[in-house]
Structure formats: structure tokens, C-alpha cells
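One letter stands for each residue in the lines below.
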Amino acid sequence: MLEAAHAARPEGKKVFVKTYGCQMNVYDSQRMSDALAADGYAPTDRIEEADLVLLNTCHIREKAAEKVYSELGRIRQLKEERGRDGRETVVGVAGCVAQAEGREILRRAPAVDLVIGPQTYHRLPAVVRRALGGEKIVETDYAIEDKFEHLPAPQKKAVRSRGVTAFLTVQEGCDKFCTFCVVPYTRGAEVSRPVAQIVAEAERLAAAGVREVTLLGQNVNAWHGEGADGREWGLGELLFRLAEIPGLGRLRYTTSHPRDMDDALIAAHRDLDKLMPYLHLPVQAGSDRILKAMNRKHTGDDYRRLIDRIRKARPDIAMSGDFIVGFPGETDADFEETMRLVRDVTYAQAFSFKYSPRPGTPGADLDDQVPEGVKDERLQALQALLTEQQRAFAAALVGRTMDVLLEKPGRQAGQRVGRSPWLQPVIVDEKAGEIGDIVSVRIKEAGTNSLFSEPVS
């Protein structure tokens, strides 16, 4: 059977991947494309010409599954149209909705040929070959083998086509079990990749021209692995090792949990020039009562003290965060505690959302759900404050000189777009350097979403 499947391996076919959600899904989609490239599939941005359509889904947002089913309805029509022309189309659903819904996807969307979870996408080429043989497949069991060991390395050409920045997953899953979150159920327990495996992938990225790597994990600062010296390393030590790789000019990581921000990682922010002074550290709420109901295991003051330690180590660091308003039982006083924390910390950027129940999570069964109208009012007030802080941070950079990594051409002739150390887009004169260069510029204006620069004379 396996030999027959290999004999039927397609050549010269095209795959369309639509990615929903987080940076880790972007990384996963790239690695799935790399695995399929070895089976003869070339990527395409035109879904109508794709022989294989993959939806790499996210389950974090409200009604995520329904949005996927709606998209699958449109894909069913496309599949039927191609079928009338004698062109076969394989349709797959990957990612967290696939993990959560499983066979229900095949029942509700018969056009789907395969469902594959985030822990098994290294098996994707074999699964696609089975689907081409007419089999309907659900692969959502947690893999015993290390999927990263079984994934083929991307070709240099593919890495270069993705730009001079790259994501690199180092940790997956979460053991925290926040009561609002589905990640422990869709991504599983915390697993860390080995040091040698991470370093080898980072070296391949650098050799292909990548200048900045962002380490990814659902709880990235919980990463731990055996180092070359036989000791167990934490994320701080890993960052120092990656900083030794020739060609890599910048390092970042996301997303972190306050409970896993240890002394070694804070020291890396103090001592490691290549680690950018920008930290996404979600707190979710300011009220201790709500934090306890969320099972966050930290208080508002714990978070404040942690921020003080980080800023003492790296005074120019900018903070980013996540906030949920309207968690069950949240009162006006609880919400005001969140607003007070935001004023105390000040954020350069933040993401804020209304609470929405996720089936299967403890929060979905809590009493005292907050009315939608109240959630709306609170979210508007929070976002107004966060926007004010974001604009103030950007305005304070006017007149300063900073290093910018040039990433791509600008929208206007003669422009390039770079990225500041604090992750803001910066508009740069193309004469300043080539894409991939890190150049020094002076900020002359702060726009709504971008900074505008001039050459340093």
C-alpha cells in the first residue's frame, strides 16, 4: 500500500494555504508547504488553480469554527467547478479547529478530504497521498514521534522568498490552563524542542539571508532544554547561543507568561544587544479577583513588580500586552483595576478583546456572564487609553536616531519599509540601504501606524 502511494506521488501540482490566527500558525503553514514541496507541490496565491487547498485554522477567536465552515462552503463550490473540468481538488483542514472538531468537520463539510491537527502535520504528505486514493482521513492524535525531526528542511530559495525576518517555533502547548483558553486542549501539554535542533534551524535561516528571528511558543518563556554543557537551559541561555550565529542581527520572542519570566531571561534583556527591547507579556486583567478566576496565578502587583525589574535591567524596553474585558463576574470596580494597571505600566502596543466563551473551557460554564453592551463600553474605554499610550510612545521617538532593519520596498517610489527595535514600521529612503541591511536613521514624524525617517547626516 505504501509503495503504491509513493508511486502515485503528484508532480507539478499546486497548493493554496490560507492561514488564520497567530504567528505560530504562520510558521506551521510554512513548514507544511516545505513538507509538500518535497512531494512536488508548489505554492500558489490563486485558490482557483490549486490542486490542494489547506485551511490552517485558529480556535482562539469567537465563532472560529463557524468561520471555517463558511469558508469550506465556498471551497466546495470551487471543488465542484474544477471537478466538472476534470481537475481533482483535495481539501484539508489543519490547525486548532481541526484538533477541536475532528470528524465533525467531515460530517458537516463533505467536501473536506483530510483533517490534520497541529501535532501531526509532519505526516501531511502521506495523508495527502492517501486522500488522493479516495480515503477520508482524520489525523488528530498527538504524535509520539518528534514532528520537527521528520519535517524536511526548507530550500534556501523558499526561505529567501519569505523575507529577511522569520519565525522559529521552539515550544508548543501550555500547562497553565487559564480558564478562558483552549490552547491546552488543542495544542496539548508544554513541549520544548532540543537546543541542537533549534540552533540548526536558526543557522539554516541565517545562511539563507534571514537577519531577524522571532522565537515562538504558546508559552515561549517556559522553554527548557539540555544545552551543550549537559545542563538544562532556559530561554535566556538559548538566546545567548542564537546570538552567536553569524548573520543574525536581531532576536525576538513571543508569547510569554509572567510566571516564567526568570532572572536569566531578564539578564538576557540587560546584556544581549541582539535581543530587541520589546516584550509582549500578557497580564489579561488588573483585578486580583478576576485574575484568580482566570487561573492566572499572579496578582496585579506581582505583574507591576516584574515590569519594574525588567525596566531596571533594560530601561529602553517597550511593553506590549493582552487584555480581556468582560470576563464572567467582572464588575465596574474590577474593570477600573485593569485601567489602573494600564496607567501604571504604560504600553507601547497592546491587544484587547471582549471575553467570549470557548466550548470546553471552564470559563464557558461560569455564572454571571457580563452583558454584551457592558463589554462594548469597557472595551472602547480600554482601547482609547491604550491608543493614547501607543501614540505617546511613538511621538516620543521623534528626533531620535535608531537602527532599522530594512524588510521590503515601500508603497511609494523611492521608499523602503523597515522595522524599529520596538517593532514599528519605519518608512526609509531607499538610498539608506538594501533590503536586509540594518541602517541608522533619524525619526522625523510619527504617523498613526508608522514612523517616518530621514538619513543621519
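Here, the structure is the one placed above.
A. Representation of the nonpolar core within the structure. Membership of the largest hydrophobic core comes to 55 residues, with the highest contact counts inside it found for L215, Y253 and Y347. The biggest single contributor to this core is helix α10 (residues 195-207), with 6 residues. In this structure L215 touches L168, V170, V220, L235, L238, L239, L242, R252, Y253 and T254, once residues within four positions along its chain are discounted.

B. Up close: helix α14 (residues 300-313). A rise of 1.5 Å per residue sets the reference length of α14, with its 14 residues, at 20 Å; its end C-alpha atoms lie 20 Å apart and thus fit the reference within 8%. Looking at α14, one finds that the buried residues are G300, Y303, R304, L306, I307, I310 and A313. Looking at the buried positions of α14, the neighbouring elements they touch are α12 (263-271), β14 (278-280), α13 (288-293), β15 (318-325) and α15 (332-345).

C. Inspection of the packing of aromatic side chains at higher detail. A complete count under the given rule lists 4 aromatic pairs for this structure. Taking the centre distance of 5.8 Å and the plane angle of 75 degrees together, the rings of F177 and Y185 count as edge-to-face. By relative accessible area, F177 is classed as partly exposed at 39%. Aromatic side chains F393 and W422 sit 6.1 Å apart centroid to centroid with 75 degrees between the ring planes, which places their arrangement in the edge-to-face category.

D. Focus on the sheet that holds strand β2 (residues 41-43). Pairing within the open sheet is parallel, and its 6 strands lie in the order β2-β1-β3-β4-β5-β6. Every other strand in the sheet has two partners, leaving β2 and β6 (137-139) as the edge strands with one partner each. Across the sheet, the mean angle separating the axes of adjacent strands is 20 degrees when strand polarity is ignored. As paired strands, strand β5 (residues 114-116) and β6 are joined by 3 bridges and run parallel to one another. Following the sheet pairing, I116 is matched in β6 by E139. On top of the sheet, helix α2 (residues 23-37) reaches β1 (13-19), β2, β3 (52-57) and β4 (90-95); it is set at about 155 degrees to β3, its chief contact.

E. Broad picture of the packing of α14 against α15. Where α14 meets α15, the closest approach of the two axes is 11 Å, and the angle between their N-to-C directions is 10 degrees. One element, α14, and the other, α15, form an angle in the roughly parallel class. Across the interface between the two elements, G300, Y303, R304, I307 and R311 of α14 pack against E337, R340, L341, D344 and V345 of α15. Tallied by class, residues from the contact of α14 with α15 come to 4 nonpolar, 1 polar and 5 charged.

F. Examining the sheet that holds strand β10 (residues 212-216) more closely. Strand order in the open sheet formed by 3 strands is β7-β10-β13, and the pairing between neighbours is parallel. In the strand order of this sheet, the two ends are held by β7 (165-169) and β13 (250-254), each with one partner. The mean inter-strand angle of the sheet, taken between neighbouring strand axes irrespective of direction, is 25 degrees. Of the strand pairs in this sheet, β10 and β13 are connected by 5 bridges, and their pairing is parallel. Pairing of L215 across the sheet is with Y253, part of β13.

G. Broad picture of the pairing of strand β19 (residues 425-429). As paired strands, strand β18 (residues 415-419) and β19 are joined by 5 bridges and run antiparallel to one another. Paired with Q415 across the bridge in β19 is D429. Two elements, β19 and strand β21 (residues 451-455), share 2 bridges in a ladder whose sense is parallel. Counterpart to V426 in the pairing with β21 is L451.

H. Summary view of the side chain of D28. On the secondary structure map, D28 appears in helix α2. Judged by relative accessible area, D28 falls into the buried class, the value being 1%. Within the structure, the side chain of D28 is placed 3.1 Å from the side chain of R187, a separation counted as a polar contact. With residues near it in sequence (within four places) discarded, D28 still touches N56, Y121, E172 and R187.

I. View of the packing of helix α11 (residues 235-242) against α12. Look at α11 against α12: their axes get within 7 Å of each other, and the N-to-C directions meet at 35 degrees. Between α11 and α12, the residues in contact are L235, G236, L239 and F240 and A264, L265, A268 and D271, respectively. Split into classes, the residues belonging to the contact of α11 with α12 amount to 6 nonpolar, 1 polar and 1 charged.

J. Layout of the environment of Y41. With respect to the helices and strands, the residue Y41 is situated in strand β2. You can call Y41 buried: its relative accessible area is 3%. Considering only alpha carbons, one finds Y41 and S192, 151 residues apart in sequence, at a separation of 30 Å.

K. The arrangement of the pattern of salt bridges in detail. Across all of its chains, the model carries 48 salt bridges by this definition. Of the charged contacts in the structure, one is a salt bridge between D301 and R304, with a shortest N-O distance of 3.1 Å. Of this pair, D301 and R304 are both found in helix α14, 3 residues apart, which corresponds to roughly one turn of the helix. Across the pair E330 and R378 runs a salt bridge whose closest N-O atoms are separated by 2.9 Å. Of this pair, E330 sits in the loop between β15 and α15 while R378 sits in helix α16 (residues 372-395), and the two are 48 residues apart along the sequence. For E330, a relative accessible area of 5% corresponds to the buried category.

Reading the values: the criteria
Residues numbered from 1 in each chain as written. Predicted model: local features only at pLDDT ≥ 70, side-chain atom pairs only at ≥ 80, totals over all residues. Heavy atoms only, no water. Core = buried A, V, L, I, M, F, W, Y, C linked by side-chain atoms within 4.5 Å. Buried < 20%, exposed > 50% of the residue type's maximum accessible area, 1.4 Å probe, protein only. Helix = DSSP H or I, 4+ residues; strand = E, 2+ residues; numbered from the N terminus. Contact = heavy atoms within 4.5 Å. Expected span 1.5 Å × (residues − 1). Phe/Tyr/Trp six-rings, centres within 6.5 Å; stacked < 30°, edge-to-face > 60°. Pairing = 2+ DSSP bridges. Axes fitted to C-alpha atoms, helices over the stretch in contact; angles between N-to-C directions. Parallel < 35°, antiparallel > 145°, perpendicular 65-115°, else oblique. Nonpolar A, V, L, I, M, F, W, Y, C, P; charged D, E, K, R; others polar. Polar contact = N/O pair within 3.5 Å; in protein donor to acceptor, adjacent residues only side chain to side chain. Salt bridge = Lys/Arg side-chain N within 4 Å of Asp/Glu carboxyl O.

Coordinates in, geometry out; function isn't part of it.
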